[in-house]
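Structural overview for review
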Amino acid sequence: MKARYASTIFAAGLIFFAGYAALFIAPDEKTMHAIQRIFYFHLPSWIAMFTALAVAFVANVAYLATRRAKWDALGVSASEAAVVCCTIGLATGPLWAKPVWGIWWTWDARLTTTFILWLLYLSYLLLRGLLDDPERKATFSAVFGIFAFLDAPLVYVSNRLWRTQHPQPVIGGGSGSGLDPGMGRVLLFCVIALMGVMIIILLDRYKLEKLRQEFEELRLEYETLNLESASTGKERP
Amino acid sequence: MGTSRATAVLLAKELRLEFRTRELLSATIVFALVVVVLFSFAFDPTAAESRRYGPGLLWISFLFASSLMLNPSFARERLNDTIDALRMSPISPFAILSAKMLANFIFMSVVEVVLVPVFSVLYDVSLAGVAGRLILVLALGTVGLTVTGTVFSAISSHARLRELLLPLLLLPILTPLLIAAVEATASLLVEDPVLDRTWLALLAGFDIVFLTASWLLCDYLMEE
Amino acid sequence: MKNFENLFAAWMVVWAVFFAYEVSIARRLARLRQDIEVLKQQMRER
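Along each chain, residue indices are assigned from 1 in the same order as the chain's sequence is written. Chain letters start at A and ligand numbers start at 1, both assigned in the order the entries are written. With the structure being a predicted model, the display of local features is reserved for residues of pLDDT at least 70 and the display and counting of side-chain atom pairs for 80 or more, all residues being used for whole-chain, interface and lining totals.

It is worth spelling out the packing of helix 7 (residues 131–156) of chain B against helix 10 (residues 197–222) of chain B at this point. Residues and elements named next belong to chain B. Angular values range over 0 to 180 degrees, each being the angle between N-to-C directions of two axes fitted as lines to C-alpha atoms, with helices fitted over their stretch in contact. Working definition: helices are DSSP H or I runs of at least four residues, strands are E runs of at least two. Numbering for both runs from the N terminus. Running from amino to carboxyl end, helix 7 crosses helix 10 at an angle of 25°, the nearest separation of the two axes being 9 Å. Classified by the angle their axes make, helix 7 and helix 10 are roughly parallel. As for how helix 7 packs across helix 10, the hand of that crossing is left-handed. Here helix 7 contributes Leu 140, Gly 141, Val 143, Gly 144, Val 147, Thr 148, Val 151, Ala 154 and Ile 155 to the contact with helix 10, which in turn contributes Leu 203, Ala 204, Phe 206, Asp 207, Phe 210, Leu 211, Ser 214 and Leu 221. Across the contact of helix 7 with helix 10, the residue classes break down as 12 nonpolar, 4 polar and 1 charged. Here the word oblique covers every angle except those under 35 degrees (roughly parallel), over 145 (roughly antiparallel) and from 65 to 115 (roughly perpendicular). By convention the crossing between two helices is left-handed if the near helix lies anticlockwise of the far one by an angle smaller than a right angle, and right-handed if it lies clockwise. Throughout, a residue-residue contact means that the two C-beta atoms, derived from backbone geometry, are no farther apart than 7 Å. Each residue is assigned to one class: nonpolar for Ala, Val, Leu, Ile, Met, Phe, Trp, Tyr, Cys and Pro, charged for Asp, Glu, Lys and Arg, and polar for all the others, Gly among them.

Dropping the structure here:
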């Protein structure tokens, strides 16, 4: 019982310490002061999301190549983990934008890309929900997952190009614009912390999916038994 | 039977089927027109603004129309189990898929050929001098649209809520194509039309990526 | 600290999203374990 929750507690601890570091340990930023600290949640969530998406892609390809159920389990777990990290990124973005720009949302390249990826992988999850046959569900969601991953860089590039034509305020003031070492250390810590959180939720979801696969196998076995005894008219000893 | 010959035969079948009744084409064209008209109620199309919103509106109406038009392609097959007949025949899966993609491309092009002149009249946008380049942009955009649309209609034909699922899957994937096509079209509908090459390259890139992906993954799409 | 509320809210958002997701997994896990037990019981009874 305790072991089951150990990883969750550990993840909670990571979040606590990351937040503490971001809020109190990191040095103050010259122009935006306190609100800039959201960056320590926002950027790491992005990095964690892309890692999860890469894992999902590998899992999708591996499933199509090998047809082993564990790859399907990994694929859905990584995709859900990516959606979670994406949600964090999308929620923290506006919290930053409002005090700095006075608007809740801006169509800057990164935020828009994140939004579209969020929708894309939500569609992936919806697709899985609407396909009943387990084999078909795994195959088709793997194909869609591959398409979605191939689309991601195109989404980013198109938004970037579009933004240079229609300039919007940029969340995050450009990647690592003059990061002082104190900030760098806190950022690294937060990246590691959020990656850890992502990996933990991925593994938990993986556990759930493996159990579900076990349940499906058991149910199949049960139904086969039923069919057998129905056709022979005898109870199995 | 070689792949290209098989594709040609299947394509001929698809076209024959549709042009017998023309019901899908007419419904799609009317729907696209409805979208264009609806937009004119939402946004007042005075000359200056129509140039700004025009391209976006045009491509959005194509996207919506295609979301409705692409489903019947596979749904019809499932209704009559002809998809199983196709699968069991010695025709390569890629031939089946490409035939559908080509058929959808042709249907979509017909819709666009009708709609673009109508749009230019309703929104008072001149197409003189840019027709050739506009056709290029439309063609590249339609390729991307029909390639991904056909793949996703193959996927969604097996799922519940397939009419809702197809646009749900398709539209987020198509955002780079939408952005590129709209910007490229917009660059042609201004005072001094210069076709923006970056957007053209993005469109071509999109098409190549997804054509290749469809070719590599077609076996998995067509299986039972 | 200026804008501390937003910053704190961001921290809480990370926590809330993580926590909500873990709770949903835990609940699905519990229900699945229950379903497996029921099924195993049914199989034993045959």
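One non-glycine residue, Arg67(A), adopts positive backbone phi at about 60°. We call a residue exposed when 12 or fewer other C-beta atoms sit within 10 Å of its C-beta, buried when the count reaches 20 or more, and partly exposed for counts in between; the C-beta positions come from the backbone. Classification of Arg67(A) by C-beta neighbours within 10 Å gives partly exposed; the count is 13. One non-glycine residue, Arg22(B), adopts positive backbone phi at about 55°. One can find Arg22(B) in the loop between helix 1 (3–21) and helix 2 (23–42). Taking the C-beta count within 10 Å as the criterion, Arg22(B) has 11 such neighbours and is therefore assigned exposed.

What follows covers the arrangement of the chains. Summarising the chain contacts, 2 pairs of chains touch, and the pair with the most contacts is chains A and C. At the level of C-alpha atoms, the two units chain B and chain C stay apart, their nearest approach being 23 Å.

Right, let's talk about the interface of chain B and chain A for a bit. Listed by partner, the interface residues are 23 residues for chain B and 26 residues for chain A. Every element with two or more residues in the side of chain B that touches chain A is listed here: helix 8 (162–173), helix 9 (175–188) and helix 10 of chain B. No other element matches helix 10 of chain B, which puts 8 residues into the side of chain B that touches chain A. Taken together, the residues of the side of chain B that touches chain A sort by class into 18 nonpolar, 3 polar and 2 charged.

Here the expected span of a helix is defined as 1.5 Å times the quantity of residues minus one. A rise of 1.5 Å per residue sets the reference length of helix 2 (residues 39–66) of chain A, with its 28 residues, at 40 Å; its end C-alpha atoms lie 40 Å apart and thus fit the reference within 8%. Within helix 2 of chain A, 20 of the 28 residues are buried, which leaves it mostly tucked inside the rest of the structure.

This part covers the confidence of the model for chain C. The quantity called pLDDT is the predictor's confidence in a given residue, expressed from 0 to 100. On average, chain C scores 87 in pLDDT, and the residues at 70 or more come to 91%. For this predicted complex, the interface confidence comes out at an ipTM of 0.90, alongside a pTM of 0.89.

Taken together, the 26 residues of chain C in the interface contact 33 residues of chain A. Here the side of chain C that touches chain A is composed, by residue class, of 18 nonpolar, 3 polar and 5 charged.

Another point: the nonpolar core. In terms of nonpolar packing, the biggest core is built from 141 residues, with Ala52(A), Ala82(A) and Cys85(A) touching the most fellow members. Residues contacting Cys85(A), with those up to four places away along its chain left out, are Ser45(A), Ala48(A), Met49(A), Ala52(A) and Met198(A). Take the buried Ala, Val, Leu, Ile, Met, Phe, Trp, Tyr and Cys residues, join any whose C-beta atoms are within 7 Å, and the set you get is a nonpolar core.

On to the environment of Ile29(B), then. Residue and element names in this part refer to chain B. By the element assignment, Ile 29 lies in helix 2. Linking Ile 29 and Glu 112, residues 83 residues apart in sequence, is a C-alpha distance of 8.3 Å. Residues within four places of Ile 29 in sequence aside, it is in contact with Val 111 and Val 114.

Bringing the packing of helix 4 (residues 109–130) of chain A against helix 8 of chain B into the picture now. Where helix 4 of chain A meets helix 8 of chain B, the axes come as close as 9 Å, and the angle between the chain directions of the two elements is 155°. Classed by the angle they form, the pair helix 4 of chain A and helix 8 of chain B counts as roughly antiparallel. Taken as a pair, helix 4 of chain A and helix 8 of chain B cross one another with a handedness that is left-handed. Facing helix 4 of chain A, whose interface residues are Ile116(A), Leu119(A), Leu120(A), Ser123(A), Leu126(A), Leu127(A) and Leu130(A), helix 8 of chain B presents Leu165(B), Leu168(B), Leu169(B), Pro172(B) and Ile173(B). Each residue belonging to the contact of helix 4 of chain A with helix 8 of chain B can be placed in one class, and the counts come to 11 nonpolar, 1 polar and no charged.

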